[in-house]
Amino acid sequence: MTTTCTPVDTERSVLYVSNSPDQKLADFLAGSGWQAVHAKSTAIAERMLERGNIKVGLVELPAECTSQHLSALASCMRRVETNWVAQIAPGQAENELVSRFILDYCFDFVTRPWLNDRLVFALGHAHGLSSLRQAPVTPEPSLGRHGMVGQCEAMQQLYRRIDKCSATDAPVFVAGESGTGKELTARAIHERSPRAGRTFVAINCAAIPPSLLQAELFGHERGAFTGALQRKIGRIESAHEGTLFLDEIGDMPHECQAVLLRFLQEGTIERLGGNGPIKVDVRVISATHVDLDKAVEDGRFRSDLYHRLCVLRLVEPPLRERGGDIKLLANYALSMYRQDGARKLRGLSSDAIVAMSNYPWPGNVRELINCVRRAVVMSEGRFITASDLGLPETDHGPAVTLAEIRSKAEKDAIENALQRHGYKLSEAAAELGISRATLYRLMHANRLHQEPAPASRTSNGSGGADSDDEAERQTPSMV
Ligand SMILES: Nc1ncnc2c1ncn2[C@@H]1O[C@H](COP(=O)(O)OP(=O)(O)OP(=O)(O)O)[C@@H](O)[C@H]1O
Ligand SMILES: [Mg+2]
């Protein structure tokens with residue numbers, strides 16, 4: 001079994017992520033024509049995935065699986081190029097955390113003791129589908145901006161704020177629930193900034209054991225500690241002149257927070273075991289799905305570091321608040337994974353759209369994309385139906401008044417009509433059976449904005465005065 005971090009022959013290799021590798025399994029895989037490349041930690045797995053285009057992964061879930069463990073695994077299992085098969089213990093799929101993880105990140109799973117044929121079939125299928133997939137589909141510009149899909153008001157506001165953040169070098173903090181697109185936003189800021197030609201280095205602070213995080217960030221000299229056989233350049237240094245994305249910063253251990261603060265204040269780093277500061281020019285973007293204000297309040301996160309990181313602050317809207325974008329994103333996901341299905345799919349049925357609109361999407365865009373991807377494989381008809389999506393029945397929450405229901409329906413209908421007609425007010429008004437003036441009044445009442453035509457948007461982010469200015473006056477740290 002290969003255990004190094006060197007590039008691997010990706011054609012028939014399977015990345016085997018396990019704390020305690022099973023040699024018999026590796027031998028069996030080798031006998032079945034697979035080269036098992038072992039990674040004993042998620043950090044190693046992440047690096048291997050960065051180096052080679054690995055199509056299949058096999059991940060062993062430990063019997064006592066915590067949410068921290070799963071989130072560390074998730075961080076290296078997000079790439080769409082690799083299809084993952086999970087190995088689990090009997091009964092483990094009944095654990096809600098585990099089943100959600102499998103549904104979100106894995107193509108298939110096998111339960112111990114598995115049948116060898118079943119495992120080989122799952123790996124072969126995962127490999128076959130991954131090979132069929134072409135280069136990732138870049139969303140059409142008409143679907144959104146910055147490589148993101150979304151046309152709702154909240155996303156328009158996010159795009160404008162990304163433009164503004166790109167024009168400066170100040171640290172940006174991106175908040176938002178899991179799977180809302182925080183990393184996508186960080187990359188978009190980098191790609192539109194003057195640093196675009198330089199590297200974008202991402203590090204997931206939750207995926208690296210606390211004892212190793214400092215060495216990973218700052219690097220070390222040869223002999224700095226037992227096992228430091230050669231000099232290692234840290235992630236901060238390798239982002240010199242580029243952008244450093246500190247993901248899941250809320251999980252950074254306290255001792256590491258102090259050293260990071262020093263770097264942010266002084267613009268220098270010191271490698272472990274090094275003998276002097278090194279000047280680095282790095283723009284920092286950070287993100288977390290935890291409530292950082294609460295973490296500061298509870299003393300888990302240093303307030304001085306918080307203020308250094310959160311000079312500019314962006315908030316990703318949760319998917320359940322994006323109205324018609326759910327349908328847009330579902331169709332985008334379908335276009336990405338269409339070829340995974342056995343039959344030619346025409347699209348999503350209207351009951352599927354309704355089911356998706358009623359579901360609260362706790363895993364946000366990632367969950368929606370994976371849900372459509374699964375349905376593509378499982379569906380048996382020409383259209384993906386609500387039952388193909390397998391979404392749980394939703395609890396509709398506290399009772400709402402008829403007036404609230406009417407008002408929400410009105411807002412959704414207007415927003416959808418505007419999106420369908422590219423924000424041409426006369427056409428949207430005609431479809432809704434109202435005058436242009438009434439539409440304008442209702443948009444105002446519902447706080448919906450008239451979307452400028454894409455051509456009128458400037459690429460330097462100077463989109464003119466917008467509704468953000470109000471937010472800016474109210475919340476100084478908001479961009
Ligand atoms: N607006 C969008 N349009 C298209 N794809 C999106 C959008 N938002 C998110 N995605 C996709 O959803 C997945 C999750 O996005 P991303 O990793 O940026 O989220 P995140 O907020 O960083 O998640 P986490 O909190 O779990 O780290 C990715 O595959 C990303 O490409
Ligand atoms: Mg992320």
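What you see is a predicted model; the values in this text were computed from it and never measured. (Residues numbered from 1 in each chain as written. Chains lettered and ligands numbered in written order. Predicted model: local features only at pLDDT ≥ 70, side-chain atom pairs only at ≥ 80, totals over all residues.)

1. Details of the overall build of the protein
Link 1 in the chain: When helices and strands are tallied, the protein shows 20 helices and 18 strands.
Link 2 in the chain: The 479 residues of the protein split such that 35% are buried.
Link 3 in the chain: Put simply, 73% of the contacts in the protein that link residues at least 6 apart link residues at least 24 apart. (Helix = DSSP H or I, 4+ residues; strand = E, 2+ residues; numbered from the N terminus. Buried ≥ 20, exposed ≤ 12 C-beta atoms within 10 Å, placed from the backbone. Contact = placed C-beta atoms within 7 Å.)

2. A look at the pairing of strand β12 (residues 243-247)
Link 1 in the chain: With five of five residues buried, β12 is to be regarded as a mostly interior element.
Link 2 in the chain: Judged by which residues are buried, β12 turns out to be covered on both faces: Thr243, Phe245 and Asp247 on one side and Leu244 and Leu246 on the other are all buried.
Link 3 in the chain: Here five bridges tie strand β9 (residues 200-204) to β12, and the two strands are oriented parallel to one another. Paired with Ile203 across the two strands is Leu246, which belongs to β12.
Link 4 in the chain: With four bridges joining them, β12 and strand β15 (residues 283-288) adopt parallel strand pairing. Along β15, the bridge assignment pairs Thr243 with Arg283. (Pairing = 2+ DSSP bridges.)

3. Digging into the site of ligand 1
Link 1 in the chain: Not every one of the 16 residues close to ligand 1 is listed here, only the nearest: Met148, Gly181, Lys182, Glu183 and Val365.
Link 2 in the chain: Elements that contribute at least two residues to the shell around ligand 1 include exactly β7 (148-149), α7 (182-192) and α15 (364-378).
Link 3 in the chain: Across the shell around ligand 1, the residue classes tally to five nonpolar, seven polar and four charged.
Link 4 in the chain: Split by domain, the residues of the shell around ligand 1 number at least three in each of domain 2 (153-315) and domain 3 (319-389). (Near = placed C-beta within 6 Å. Nonpolar A, V, L, I, M, F, W, Y, C, P; charged D, E, K, R; others polar. Domains from an automatic or database assignment.)

4. Remarks on the packing of helix α3 (residues 67-76) against helix α4 (residues 96-105)
Link 1 in the chain: Running from amino to carboxyl end, α3 crosses α4 at an angle of 5°, the nearest separation of the two axes being 11 Å. With respect to their mutual orientation, α3 and α4 come out roughly parallel. Together, Ser67, Leu70 and Ala74 of α3 and Leu97, Phe101 and Tyr105 of α4 make up the contact between the two elements.
Link 2 in the chain: Among the residues making up the contact of α3 with α4, the classes are represented as five nonpolar, one polar and no charged. (Axes fitted to C-alpha atoms, helices over the stretch in contact; angles between N-to-C directions. Parallel < 35°, antiparallel > 145°, perpendicular 65-115°, else oblique.)

5. A look at the sheet that holds strand β8 (residues 172-175)
Link 1 in the chain: Spatially, the five strands line up as an open sheet ordered β9-β12-β15-β8-β16, and their pairing is parallel. The sheet is open, and its two borders are formed by β9 and β16 (312-315), each paired with just one other strand. Neighbour to neighbour, the strand axes of the sheet diverge by 20° on average, direction disregarded.
Link 2 in the chain: Of the strand pairs in this sheet, β8 and β16 are connected by four bridges, and their pairing is parallel. When the sheet's bridge partners are listed, Ala175 is paired in β16 with Val315.

6. A few points about the confidence of the model for the protein
Link 1 in the chain: For the protein, per-residue confidence averages 83 on the pLDDT scale, and 87% of positions sit at 70 or higher.
Link 2 in the chain: In the predicted structure, residues 1-9 sits below a pLDDT of 50 and forms 18 contacts with residues beyond four places in sequence or in another chain. (pLDDT = per-residue confidence, 0-100.)

7. Looking at the nonpolar core
Link 1 in the chain: Core analysis: the biggest nonpolar cluster contains 104 residues, and Val85, Leu368 and Val372 have the highest contact counts within it.
Link 2 in the chain: Of the residues forming this core, the biggest block, eight residues, is contributed by helix α13 (residues 325-337).
Link 3 in the chain: Contact partners of Val85, with chain neighbours within four places excluded, come to Leu58, Cys106, Phe107, Asp108, Phe109, Val110, Ala122, Leu123 and Ala126.
Link 4 in the chain: Within the second largest apolar cluster, six residues are counted, among which are Ile414, Ala417, Ala428 and Ala429. (Core = buried A, V, L, I, M, F, W, Y, C linked by C-beta atoms within 7 Å.)

8. Thoughts on the environment of Lys411
Link 1 in the chain: Inspection of the secondary structure assignment puts Lys411 in helix α17 (residues 402-420).
Link 2 in the chain: C-alpha of Lys411 to C-alpha of Ala445: the two residues are 34 residues apart in sequence and 9.3 Å apart in space.

9. Digging into unusual backbone geometry
For residues that are not glycine, phi is negative in most cases, and the peptide bond is trans in most cases.
Link 1 in the chain: Each neighbour pair has its own omega, and for Arg112 with Pro113 the value is -15°, a cis peptide bond.
Link 2 in the chain: Although it is not a glycine, His146 sits at a positive phi angle of roughly 55°.
Link 3 in the chain: Along the chain, His146 turns up in the loop between β6 (144-145) and β7.

10. Focus on the sheet that holds strand β2 (residues 35-39)
Link 1 in the chain: As summarised here, the arrangement of the five strands in space is β2-β1-β3-β4-β5, forming an open sheet in which the pairing is parallel. Strands with a single pairing partner mark the edges of an open sheet, and in this sheet they are β2 and β5 (108-111). For this sheet, the mean inter-axis angle between neighbouring strands, taken without regard to orientation, is 25°.
Link 2 in the chain: Here strand β4 (residues 83-88) runs beside β5; their pairing, made up of four bridges, is parallel. Counterpart to Val85 in the pairing with β5 is Asp108.
Link 3 in the chain: Of the strands in this sheet, β1 (13-17) and β2 are in contact with helix α1 (residues 23-31), which crosses β2 at around 150°.

11. Thoughts on the packing of helix α18 (residues 425-432) against helix α19 (residues 436-445)
Link 1 in the chain: Between α18 and α19, whose axes approach to 9 Å, the crossing angle comes to 95°. Here α19 runs roughly perpendicular to α18, going by the angle between their axes. Packed against α18, whose contacting residues are Leu425, Ser426, Ala428, Ala429 and Leu432, the element α19 presents Arg436, Leu439 and Tyr440 at the interface.
Link 2 in the chain: Residues belonging to the contact of α18 with α19 are distributed by class as follows: six nonpolar, one polar and one charged.

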